[in-house]
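Chain residues, written in single-letter form:
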Amino acid sequence: MSTNHSKTFHILSIDGGGILGLYSANILSRIEKEYCNGKPLSDYFHLLTGTSTGGIIALALSTGCKAEEIESFYKTFAKDIFPSERKKRVGILNNKYSNKELKKALSIFFGNKSISDCKTHVCIPSIDVSTCHPIVFKTNNNGSQTRDEKYSLVDIALATSAAPTFFPIHSFDTYQGLIDGGLWQNNPSMIGLIEALSNFVGEDKEFSDISILSIGNPNSSIKESVDTKTNKSGLLKWKTNIVTLPMKINSIATDSILSILSRSKAAYISKYLRIDCGVLSDSFKDLKLDSSDDDSIKKLLELGAKDFYNKKYEITNFFSEEN
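Enquirer: Describe the packing of aromatic side chains, listing the residues and the values that go with them.
Expert: Summed over all chains, the structure comprises 22 aromatic pairs. Ring centres of Phe-73 and Phe-77 lie 5.3 Å apart, and the angle between their planes is 50°; on these two criteria the pair is classed as tilted. Taken as a pair, Phe-73 and Phe-77 lie in helix α3 (residues 67–81) at a separation of 4 residues, close to a single helical turn. With respect to class, Phe-73 is no different from Phe-77; both count as buried. Here the aromatic rings of Phe-82 and Tyr-97 are separated by 5.3 Å at their centres, their planes lie at 80°, and the arrangement is edge-to-face. Of the two residues, Phe-82 sits in the loop between α3 and α4 (100–110) while Tyr-97 sits in the loop between α3 and α4, which places them 15 residues apart along the sequence. Following the ring pairs from residue to residue traces out a cluster consisting of Tyr-35, Tyr-44, Phe-45, Phe-318 and Phe-319.

Enquirer: Account for the pairing of strand β7 (residues 209–215), naming residues and giving values.
Expert: The buried fraction of β7 is high, at 7 of 7 residues. Neither face of β7 is exposed, since Asp-209, Ser-211, Leu-213 and Ile-215 on one face and Ile-210, Ile-212 and Ser-214 on the opposite face are all buried. Looking at chain direction, strand β1 (residues 8–14) and β7 are connected through 7 bridges and run parallel. Counterpart to Phe-9 in the pairing with β7 is Ile-210.

Enquirer: Quick one: what's the story with α3, residue by residue and with numbers?
Expert: The terminal C-alpha atoms of α3, which comprises 15 residues, lie 20 Å apart, in line with the 21 Å expected from a rise of 1.5 Å per residue. Most pronounced at Lys-75, the bend in α3 amounts to some 30°. Every buried residue belonging to α3 is among Ala-67, Ile-70, Glu-71, Phe-73, Tyr-74, Phe-77, Ala-78 and Ile-81, and all of these are buried. Residues of α3 that are buried make contact with α1 (21–35), α2 (53–62), α4 and α10 (294–310).

Enquirer: Provide a residue-level description of the side chain of Gln-145, including the pertinent values.
Expert: With respect to the helices, strands and loops of the structure, Gln-145 is situated in the loop between β4 (133–138) and α5 (153–160). On the accessibility criterion, Gln-145 (19% relative accessible area) is buried. In this structure the side chain of Gln-145 is engaged in a polar contact, spanning 3.0 Å, whose partner is the backbone nitrogen of Asn-141. Apart from residues no more than four positions distant in its own chain, Gln-145 is found in contact with Lys-138, Thr-139, Asn-140, Glu-195 and Asn-199.

Enquirer: Which residues make up the pattern of salt bridges, and what values do they have?
Expert: Summed over all chains, the structure comprises 15 salt bridges. Note that Asp-290 is salt-bridged to Lys-96, the shortest N-O span being 2.9 Å. One end of the pair, Asp-290, is in the loop between β8 (269–275) and α10; the other, Lys-96, is in the loop between α3 and α4, and 194 residues separate them in sequence. Given the relative accessible area of 8%, Asp-290 is considered buried. The partner of Asp-276 in a salt bridge is Arg-274, and the shortest N-O contact between them spans 3.2 Å. Assigned by exposure class, Asp-276 and Arg-274 land together as buried. Among the charged side chains, a salt-bridge network with shared partners connects Asp-15, Arg-274 and Asp-276.

Reading the values: the criteria
- Position numbers for residues start from 1 in each chain and track the written sequence from start to end.
- The model is predicted, so local features are restricted to residues of pLDDT at least 70 and side-chain atom pairs to those at 80 or more, both for listing and for counting; the totals for chains, interfaces and linings are taken over all residues.
- By convention in this description, side-chain values take in all heavy atoms of the structure and omit both hydrogens and water.
- Only rings of Phe, Tyr and Trp enter the pairing, Trp through its six-membered ring, and a pair is recorded when the two centres are within 6.5 Å. The plane angle decides the type: under 30 degrees is stacked, over 60 is edge-to-face, the rest tilted.
- We count a stretch as a helix when DSSP gives it H or I for four or more residues in a row; a strand needs E for two or more, and each element gets its number in order from the N terminus.
- Type-normalised accessible area, obtained with a 1.4 Å probe on protein chains alone, sets the label of each residue: buried when under 20%, exposed when over 50%, and partly exposed for intermediate values.
- Two strands are said to pair when DSSP picks up at least two bridges between them.
- Each helix should span, by expectation, one fewer than its residue count multiplied by 1.5 Å.
- Bend is the name given here to the angle between axes fitted to two runs of seven residues, the run ending at a residue and the run starting at it.
- Here, residues are in contact when the closest pair of their heavy atoms is within 4.5 Å.
- Between N or O atoms, a polar contact is any pair within 3.5 Å; within protein, one atom must be a potential hydrogen donor and the other a potential acceptor, and residues adjacent in sequence are included only when both atoms are from side chains.
- The term salt bridge refers to a side-chain nitrogen of Lys or Arg lying within 4 Å of a carboxyl oxygen of Asp or Glu.

Structure below.
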């Protein structure tokens, strides 16, 4: 939609969660087909923000890619990115997977596009572990944010999705060690809100209020298999949960904060909708961030369809807003 004379600033936020991003892409594909009149979903939103797998989705949407194409990307490359048990690199000193296949898939998908090729404003979180600083890769959102314009979408996607223990640290340009932004902003809705308030919304700015659509995934509903019967807290006990648990906590906490802000009509928020998995039945509890087998893909698509229809009334209300 055109930003000229628009009152409401629309934000789309997409959680991190590895292959669980197929759930998010499926929901977005359904929304796009039903509410966007044949246009790309990105035409409705003024700002896209995503972390890890959500960052890949946000970057793809920002180039005008249809959500259905992104869903196909996951179906096509899932088993290459997250290979079977026989091909996994398992060991205390090794990350679980190489990022070689992920990089290859991203290169096919994005080509040589850079941030400057994004048609919609984006914010993609990562972490520079060489300095312990959080990083947000951005389009030029205020006219002077030119730092990231030359960076390739492939490099930014690899940086935001470099989950410790799963994928290796990613380095490019002057950045010596970038890892998954999910360790501090797995649900990047607050990043989108802050960016909107800083540059677009408020007194003497173009927009007067904000709507936020936040897309989660099954990660928040998957029970962690951490043994709580003892007070031991070593690496062998935590395993990959030492990464996935902070991601889960951030997603849930951010949703709680934004729900409070939305109910109180604070921070110029006029509408806030979170689409996430509820309680999972036993047959879905074996899903993980790297579940790439055919049965898991089928389950993610089934969950996406179920939660889309369960939230149909709220989604219709969200997209009925015109200013």
